[in-house]
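Descriptive structure summary
Take a look at the letters that make up each chain.
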Amino acid sequence: MAATMSSVAEPCFHCGLPVPSGSHWRVTIAGMPRAMCCPGCEAVAQTIVDSGLTDYYTTREGYSTTADKDALIPEELRLYDAPEVLEQFSGSASAQGDSCEAVFSVDGIRCAACVWLIERRLAHVRGIENINLNVATERLHVRWQKDSCKPSDILRAVREVGYAAYPYDAIRHGEQLQRAGKKMFRQIFIAGLSMMQVMMYAVPVYLATDGTMDTDMEALMRWASLLLTLPAVFYSALPFFKGAWANLKARALGMDVPVALGIAAAFIGSVASTISGKGDVYFDSVTMFIFLLLCSRYLELMARRKAASALEKLQHALPASAARMAGFPSDRTTEVVAASQLAEGDMVLVKPGEAIPADGMIVEGSSAIDFSLLTGESHPQPKSVGDLLPGGAVNATQAIVVQVSKSARESTLSMLVKLIERAGQAKPQLALWADKVAGWFVAALLLFALVVFGVWQWIDPSRAWPIAVAVLVVSCPCALSLATPSALAAATDRLVRQGVLVVQPHVLETLYRTTHIIFDKTGTLTTGKPALRHIAPLGGESIEHCLQLAAALEASSAHPLALAILEAARATGVAPDGSSASDLHYTAGQGLEGFMGSMRYRLGSAAFVAQLTNSPAPLASDDSLTPVYLGCPHGWLARFDLADAVRSDAKQVVDHFKSAGKQIILLSGDQQAVTQRVARELGIPLAYGEFLPDQKLEFVQRLQAERAVVAMVGDGINDAAVLRVADVSFAMGSGAALAQTHADTVLLSGRLSAIWDANTAATKTMSVIKQNLAWASVYNLIAIPAAALGLLNPWLSGIGMSLSSAIVVINALRLRRVPRAVSKPHAAVAHLNNQTA
């Protein structure tokens, strides 16, 4: 009796359906772990519990009506329509007017055909405004009208085409991906084992071509091969049959249809030949095809996971909990709270190795902070009291206390994740074209296979069946459809790791065609901070000694010009004079005066220093520079020329684009003299100063009217209008500016050279896409006619089809490699080093 009871499948606590053996889906309800039959029920039950609606289970009169065919929407899906549940997985930030937006995880995606099928079904749901299913992250982004559509409508529509969808949760999504990967590996293992065993029986039959094998022995070999093929067909090949069935139910022709037809036709024909004892069998071809195609799909799956790895790291960077110090500073005890509950003004303790739970400011302690996930910067940076920290950065050395300035939902890292997800919510024209061609390709292939079967039935009926199977098997629509998304996903992952956030889908495609690169000056080609550009000795003292004196006088000053002199002294290895300055006196707007030993010095404007030297100041040679003079009662000592610092990599970036044949233009609102100086220093041929925003906009539109493809690089906020109108745009992004940026691409690293990284990635990506499309097209143009002419048998066709998909994916993965960067010294530092040498 006990044995009988143990064999009965445990019902799902949510819907009542049997729980599959080996199921790992569990939800703790009222303190008891309850078994679930699928991730969908697990997600629904967990949401019910998290929303405080556990009474649903204690007061219900029966299981939800998942099996009721008359119920329009299953009860467990209706629960997602509750406002408090909807807010949990969509968030108030996602609600815009009459529209709502949310992210769902979709289980069972195998290739780009799945994406096409789901998107096509959702397009017919009333009230949905925008749909995008990212094949790399397996996430569905949907925006819908609140009045005419509900989450349950979306989930039901996805279920109707054979897939399970549930609101996105990073932890559960990761667990589901692991389970899917393990299941596919088991299917590959079974198919591989079946293939090897069937080959052991097939090879002797192939070798016995002279009739040496007894008829009974050959029949035994066939029956053994049939039995060994059954696990491969009815377990390992299930993804193809399920996908094909979902396609047919949706009245669509996806890429699983020809695969499933090929497997079924070869298997059924072989079974018929085994039973009748007449004709050829293809059990070896069937098992080999299933094994190789599963290997190809597994490779594609791993490629998609790798392509989405940068996003996954960002999403898991924010901690789930934080140590809040409610009584700080009088009470230093901590309480563990969910990071999502942190509010502005909360004090949190961040220990070494922990991530900053939300944007905030250090109020106690100092430490080295690792920003690598946010900016790509590999070296931790020292931070102390008063410094702002973005959520997601990692505390590397010592414990610090941080005052929260923004909630976790509004943190810098959350903004980055939203921007990255936005990048996957639309497809470039190339991808749309490839998807459209692949859809027509499947329909044409099925018709062609039917024609080939009819022709060979008339020429040689004994060969009609295997040749038709070979035509179905050898075609590779997956390679055609994967050619573009696999390359774009790999390139986007690479750029994120290089500190380049691609927000719009057309960036790589458009950047590749760009003819003109337009730079703003302040904050783009320059740092926006003054830097020492030149030292002109005016007396008998050396440049090194003059810089030493100036650094000693400015040692305690926080003025931007003073900081520039001190930075130059440190960069050139010049230490301040050993005797500290005394009796320092600051005169607002003019400079400072102090004693070094018994000698009095002044550092500041020409008029201020002239009062001490009793002689007129030498005239500055360049109006675009800010002069700072050093003098003593004996006369003038030196002039320090300062200007907005040009970025260390600006010259290299300009040279790269010029060598690539791009037209470089500098547009700035600054004075013409300053703009021309920066242009001369960087070798930019065309520079226009004193340009207002509307003039910049008009300039870009004039270029576009002349059929130029324009890339604009600006600060992301002040240049909003011209960034919007440019064909492709880049913004130097940081902190709160991320939420306001209007650019297609954000340079998180703060490196201007990241633009060249993006251009290099764009060139390589377009090259790989063209290679992939060319390979897929040439392969199909050669392989399909060869199979139709009877030159390829089914097992060779299976090898060709699998290898074709594998080549496309492996070729795309090359884009993930990040080249090593060669660091170069700052141009101003090199200039000063030459002077002091």
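On a predicted model such as this, the values are computed, not experimentally measured, just so you know.

Reading guide: rules and limits
- Residues numbered from 1 in each chain as written.
- Predicted model: local features only at pLDDT ≥ 70, side-chain atom pairs only at ≥ 80, totals over all residues.
- Heavy atoms only, no water.
- Helix = DSSP H or I, 4+ residues; strand = E, 2+ residues; numbered from the N terminus.
- Buried < 20%, exposed > 50% of the residue type's maximum accessible area, 1.4 Å probe, protein only.
- Contact = heavy atoms within 4.5 Å.
- Pairing = 2+ DSSP bridges.
- Core = buried A, V, L, I, M, F, W, Y, C linked by side-chain atoms within 4.5 Å.
- Axes fitted to C-alpha atoms, helices over the stretch in contact; angles between N-to-C directions.
- Patch = residues over 30% accessible without salt bridge, like charges linked within 9 Å, V, L, I, M, F, W, Y side chains within 5 Å.
- Areas by Shrake-Rupley, 256 points an atom, 1.4 Å probe, with all protein chains shown as cover.
- Salt bridge = Lys/Arg side-chain N within 4 Å of Asp/Glu carboxyl O.
- Lys, Arg positive; Asp, Glu negative; His and termini not counted.
- Charge placed at Lys NZ, Arg CZ, Asp CG, Glu CD.
- Polar contact = N/O pair within 3.5 Å; in protein donor to acceptor, adjacent residues only side chain to side chain.
- Phe/Tyr/Trp six-rings, centres within 6.5 Å; stacked < 30°, edge-to-face > 60°.
- Lys NZ or Arg CZ within 6 Å of the ring centre and 35° of its normal.
- Parallel < 35°, antiparallel > 145°, perpendicular 65-115°, else oblique.
- Left-handed = near helix turned anticlockwise from the far one by under 90°.
- Nonpolar A, V, L, I, M, F, W, Y, C, P; charged D, E, K, R; others polar.
- pLDDT = per-residue confidence, 0-100.

Structural notes on the overall build of the chain
- Secondary structure assignment for the chain yields 31 helices and 28 strands.
- For the chain, buried positions account for 51% of its 837 residues.
- Partitioning the contacts of the chain with sequence separation of at least 6, the portion at a separation of at least 24 is 68%.

Some points on the pairing of strand β21 (residues 599–604)
- Summarising the sheet, strand β20 (residues 591–596) and β21 pair through six bridges and their orientation is antiparallel. Note on β21: the bridge partner recorded for G594 is Y601.
- What sits between the antiparallel neighbours β20 and β21 is a turn of two residues, in which G597 has the positive phi angle 70°.
- Sheet topology places β21 next to strand β22 (residues 626–632); three bridges connect them, and they run antiparallel. Bridge assignment links R602 to a residue of β22, and that residue is G631.

Let's talk about the nonpolar core
- The biggest cluster of nonpolar side chains holds 44 residues, and the ones touching the most others in it are F519 and L752.
- Once residues within four sequence positions are removed from consideration, F519 is found in contact with T524, L525, V653, I664, I665, L666, L667, V713, L752 and I755.
- I543, C546, A568 and M596 belong to the second-largest nonpolar core, a separate cluster that totals 28 residues.

What to know about the sheet that holds strand β17 (residues 516–519)
- Taking strand neighbours across the sheet as the criterion, the seven strands line up as β16-β28-β27-β26-β17-β24-β25 in an open arrangement whose pairing is mixed. The sheet is open, and its two borders are formed by β16 (500–502) and β25 (686–688), each paired with just one other strand. Strand-to-strand twist across the sheet, computed as the mean angle between neighbouring axes with direction ignored, equals 20°.
- Across four bridges, strand β26 (residues 710–714) lies against strand β27 (residues 728–732) in parallel orientation. What sits directly across from A711, in β27, is V728.
- On the sheet, helix α25 (residues 672–682) packs against β24 (663–667) and β25 and is oriented at approximately 155° with respect to β25.

Concerning a positive patch on the surface
- A cluster of basic side chains, namely K182, K183, R186 and K242, defines a positive patch on the protein surface.
- It is helix α8 (residues 170–207) that provides the largest number of residues to the positive patch, a total of three residues.
- When you line up the elements, K183 lands in helix α8.
- For K183, a relative accessible area of 38% gives the class partly exposed.

Considering the side chain of R647
- With respect to the helices and strands, the residue R647 is situated in the loop between β23 (635–646) and α24 (650–659).
- At a separation of 2.7 Å, a polar atom in the side chain of R647 contacts the main-chain carbonyl oxygen of T524.
- Not counting the four nearest positions on each side in its chain, R647 is found in contact with G523, T524, L525, T526, T527, M732, G750 and L752.

Section: the packing of aromatic side chains
- Taken as a whole, this structure holds eight aromatic pairs when the rule is applied.
- Here the aromatic rings of F234 and F267 are separated by 6.0 Å at their centres, their planes lie at 85°, and the arrangement is edge-to-face. Taken together, the residues F234 in helix α9 (residues 215–236) and F267 in helix α11 (residues 256–276) connect sequence positions 33 residues apart.
- For the pair Y688 and F699, a centre-to-centre distance of 5.4 Å together with 50° between the ring planes defines the contact as tilted. Of the two residues, Y688 sits in strand β25 while F699 sits in helix α26 (residues 693–705), which places them 11 residues apart along the sequence.
- When the ring centre of F608 is taken as origin, the NZ or CZ atom of R602, which lies over that ring, is 4.2 Å away.

Thoughts on the pattern of salt bridges
- Inspection of every chain in the model, using the stated rule, returns 14 salt bridges.
- In this structure, the salt-bridge partner of E335 is R324, at a minimum N-O distance of 3.3 Å. Note that E335 is positioned in strand β8 (residues 335–338) and R324 in strand β7 (residues 321–324), a separation of 11 residues in sequence.
- In this structure, the salt-bridge partner of R600 is E593, at a minimum N-O distance of 3.3 Å.
- Residue R600 is classed as partly exposed on the basis of its relative accessible area of 29%.
- Taken together, the shared-partner salt bridges connect R324, E335 and D346 into one network.

Some points on a nonpolar patch on the surface
- A surface patch of nonpolar side chains, amounting to about 680 Å² of accessible area, comprises L447, L450, V451, V455, W458 and I459.
- Residue position: L447 is located in helix α16 (residues 429–459).
- By relative accessible area, L447 is classed as exposed at 55%.

Some words on the sheet that holds strand β10 (residues 360–364)
- Overall, antiparallel pairing links the six strands, which are arranged β8-β7-β9-β15-β10-β13 in an open sheet. With partners counted over all chains shown, the strands left at the sheet margins are β8 and β13 (388–389), one partner each.
- The pairing of β10 with β13 spans two bridges and is antiparallel. Bridge assignment links M361 to a residue of β13, and that residue is L388.

Notes on the packing of α11 against helix α17 (residues 461–474)
- Remark: α11 packs on α17, axes separated minimally by 8 Å, with the N-to-C direction vectors making an angle of 155°. With respect to each other, α11 and α17 are oriented roughly antiparallel. The crossing of α11 and α17 is left-handed. Contact residues: α11 offers P258, L261, G262, A265, A266 and G269, while α17 offers W465, V469, L472 and V473.
- Tallied by class, residues from the contact of α11 with α17 come to eight nonpolar, two polar and no charged.

Regarding unusual backbone geometry
- Put simply, F328 and P329 share a cis peptide bond, and its omega is 5°.
- The residue N614 is not glycine, and still its phi comes out positive at about 60°.
- Phi is positive for E690, which is not a glycine, with a value near 55°.
- Along the polypeptide, E690 turns up in the loop between β25 and α26.

Thoughts on the confidence of the model for the chain
- Predicted confidence across the chain gives a mean pLDDT of 76, with 74% of residues reaching 70 or more.
- A low-confidence stretch, residues 64–73 (pLDDT under 50), is modelled with 17 contacts involving residues beyond four sequence positions or located in other chains.
- The low-confidence segment residues 822–837, where pLDDT is below 50, has 20 contacts with residues more than four positions distant or belonging to other chains.

Some details on the packing of helix α10 (residues 238–249) against α11
- Running from N to C, α10 and α11 point in directions that differ by 125°, and their axes come no closer than 8 Å. Taken as axis vectors, α10 and α11 run oblique relative to one another. In this structure, the crossing between α10 and α11 has a hand that is left-handed. In this structure, α10 contributes P239, F240, F241, G243, A244 and N247 to the contact, and α11 contributes D256, V257, V259, A260, I263 and A264.
- When its residues are assigned to classes, the contact of α10 with α11 shows nine nonpolar, two polar and one charged.

A closer look at the environment of T28
- Of note, T28 is situated in strand β1 (residues 26–29).
- Residues T28 and A45, spaced 17 residues apart in sequence, show a C-alpha to C-alpha distance of 9.0 Å.

Some details on helix α21 (residues 543–553)
- For α21, the tally of buried residues reaches eight of 11 residues, placing the bulk of the element in the interior.
- Along α21, the residues classified as buried are I543, C546, L547, L549, A550, A551, A552 and L553.

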